[in-house]
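Here is what each chain is made of, one letter per residue.
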Amino acid sequence: MDPANGPVVSMLNEIADILEITGSDRFRPIAYRRAARTIEALPKPIQDYIKDGSISELPGVGEAISQKVKEYALTGKLDYLEKLRKGIPPGLLELLNLQEVGPKTVGRLYMELKITSIDELQRACEEHSVSKLKGFGEKTEERILQSIKFYRGSSRRFILSTGDSVASSIIAHLSANAKLIEAAGSLRRRKETIGDLDVIVASDDSPAVMDRFVSYPDVSIVYSRGETKSSVLLNSGLQVDLRVVDEKSYGAALLYFTGSKDHNVELRNLAIDRGYKLNEYSLSQRNGDQFVAGRTEKEVYDALGLQFIEPELREARGEIEAAREGRLPRLVAESDIKGDLHCHTNWTDGSSPIEAMIEAAENRGYQYMGISDHSKSSKIAKGLSEEMMERQLKRVEKLNSSGKYQIRVLCGSEVDIMPDGRLDYDDALLSRMDFVIGSVHSRFNMEKAEMTERLLTAMSNDYITVLGHPTGRQLGSREAYAFDAERIFEAARDKKVILEVNGSTERLDLNDQLIMEAKRHKCVFMLNTDSHHFTSLANIRYAVSMARRGWLTAVDVANTSDLKEFSSMIG
Ligand code: DGT
Ligand code: CA
Ligand code: CA
Ligand code: ZN
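Since the structure is predicted, the reported quantities are computational estimates derived from the model, not experimental observations. (Residues numbered from 1 in each chain as written. Chains lettered and ligands numbered in written order. Predicted model: local features only at pLDDT ≥ 70, side-chain atom pairs only at ≥ 80, totals over all residues. Heavy atoms only, no water.)

Peer 1: Describe the coordination of the calcium ion (ligand 3), and please don't skip the residues or the numbers.
Peer 2: The protein atoms that coordinate the calcium ion (ligand 3) are Asp196 (OD), Asp196 (OD), Asp198 (OD) and Asp241 (OD), at distances spanning 2.2 to 2.7 Å. All donors of the calcium ion (ligand 3) belong to a single chain; written as a sequence motif, their spacing is D-x1-D-x42-D. Metal-to-metal, the separation of the calcium ion (ligand 3) and the calcium ion (ligand 2) is 3.7 Å; aspartate 196 coordinates the two. (Donors = N, O, S within 2.8 Å, 3.2 Å for Na, K, Ca; no water.)

This is how it looks when you write it as structure tokens:
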């Protein structure tokens, strides 16, 4: 999605939600959602289509909707939506954040039980008045209570990719009034989840920025609106904190609000040792307050005698000492990546044909890519029988020799590691593949010792190249399975099995801490996306983010090598 279109898309979806909640019309919500999807898929800002008049030709965007989009795009507001909002109690939209509850349900809960907030819904479930409604049962009540607990849990954090898309829409929304703007906090440090979103703006016209911020269409509650700081809650439950500063303080503010808190504490102590004072406005002389640095972060680090510290490293894990001694690693970057081997296709549970995956990889400028569909025992993922696998190998061979592609296509498999540690295809078939990713997709709840043996057995197979998503965790839904990481990392090093850093947005597996531990064991890594659609190849940035948080350099990562060297590593 073009980030500039985020607010318009949210606006259309919110209209659809409210219309569906009030049940006033069956068809209009569908029309609004269709228009939202169309605009979400546009490659350019909606303003471009308004300018050249082509907006009315977009599929699903008829006269009525295009008028609203225009009004909104021109004024940042929409009368129609304001009116709709006034027609329902403000708490209703928050109910939509509960996994079990959609707009129709919210409408019925409101109409039939007068429920207008999460608190009231919880009480109604506990008193079993929800199960008395037609079509609802005690099971539903339990599930709703469960999702309320999850929503409220202090552990409620948002995955990094959600933060990225909200951040880019908000930045697009504010950019006209901002000289400089950036997301700070845990998002900028690329933590796997974020608690809230922090945005820093440099501007001379703070009131204008604040006006625009609190009128962002997805805002459900304005917690505070001040001269330099405002906070809002979005409909999704994500809080956004905005700070507006002078250009002169922008670097100091960005540094302060990027954190981490522990990094800031160490930095401030170092500043004090050197006779300075460091806060969110500047680095200044301790006696006399004279300004020393603050326009950019680099200016501050320079003045403190430190190398520039990349945000991903700012976790008080020795980065300040390393920066002082000039020995910070040159972190791996997205531009170092030369290929992606974890790609599913519509032969199994992916939704793009092989050719679309290859073209997308070629468009990213990769030298090589790998097809790795599921193996035969992965029934839910439509794993390939031996016969189909044979056919896929031939198909890829043909595509390589067709002369259609510059990129080298490798053919492998994401092979299930069976409960006893055997791989899901026999050696004869595995030996014909360019590479093999071994992954656990079943029996996640094994005892630690048994799971460790299972992985060790798999890694002792001569054909396994990569251990896929090594811990199996899924953010917010599944814990990592138990295993002895130290023994697995030692085996990976000794048997030359490469460890995957899986960039699928809900996996991010290995995470930063395990990457650091594996690096201490001298393991080699591979950054992959686990794509099930050709657009997901862009998720490589998430694998890169985890790798950078784990202090990896290009040398640690197999798929930064040219095809020739890479082939010998996986061969
Ligand atoms: P989060 O939101 O839980 O994912 O994590 P952060 O790191 O984004 O934390 P947040 O939003 O509470 O604050 C943003 C940054 O502001 C934080 O990383 C460091 C800075 N900061 C906030 N409170 C303090 C504080 O009391 N002392 C210092 N030194 N820095 C603070
Ligand atoms: Ca934050
Ligand atoms: Ca914050
Ligand atoms: Zn997998």
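Peer 1: I'd like a rundown of the site of ligand 1, residues and numbers included.
Peer 2: Taken together, 16 residues sit near ligand 1, with Arg157, Ser186, Arg189, Gly195 and Asp196 positioned nearest. Residue serine 186 places a side-chain N or O atom 2.5 Å away from an oxygen atom belonging to ligand 1. In isolation ligand 1 offers 600 Å² of accessible surface; the protein chains occlude 72% of this area. Elements supplying a minimum of two residues to the shell around ligand 1: α11 (185-188), α13 (250-258) and α14 (261-273). Of the residues assigned to the shell around ligand 1, the class counts are three nonpolar, seven polar and six charged. A domain split of the shell around ligand 1 shows at least three residues from each of domain 2 (158-245) and domain 3 (251-324). (Near = heavy atom within 4 Å. Polar contact = N/O pair within 3.5 Å; in protein donor to acceptor, adjacent residues only side chain to side chain. Areas by Shrake-Rupley, 256 points an atom, 1.4 Å probe, with all protein chains shown as cover. Helix = DSSP H or I, 4+ residues; strand = E, 2+ residues; numbered from the N terminus. Nonpolar A, V, L, I, M, F, W, Y, C, P; charged D, E, K, R; others polar. Domains from an automatic or database assignment.)

Peer 1: Describe the coordination of the calcium ion (ligand 2), listing the residues and the values that go with them.
Peer 2: Around the calcium ion (ligand 2), the donor atoms from the protein are Asp196 (O), Asp196 (OD) and Asp198 (OD), and they sit 2.2 to 2.7 Å away. The coordination sphere of the calcium ion (ligand 2) comprises six donor atoms, whose angles at the metal cover 69 to 165 degrees; the geometry is irregular. Owing to a relative accessible area of 11%, aspartate 198 belongs among the buried residues under this scheme. (Tetrahedral: all angles 85-135°; square planar, octahedral: opposite > 155°, others 65-115°. Buried < 20%, exposed > 50% of the residue type's maximum accessible area, 1.4 Å probe, protein only.)

So, to be careful, I would describe these as geometric facts and stop short of saying anything about function.
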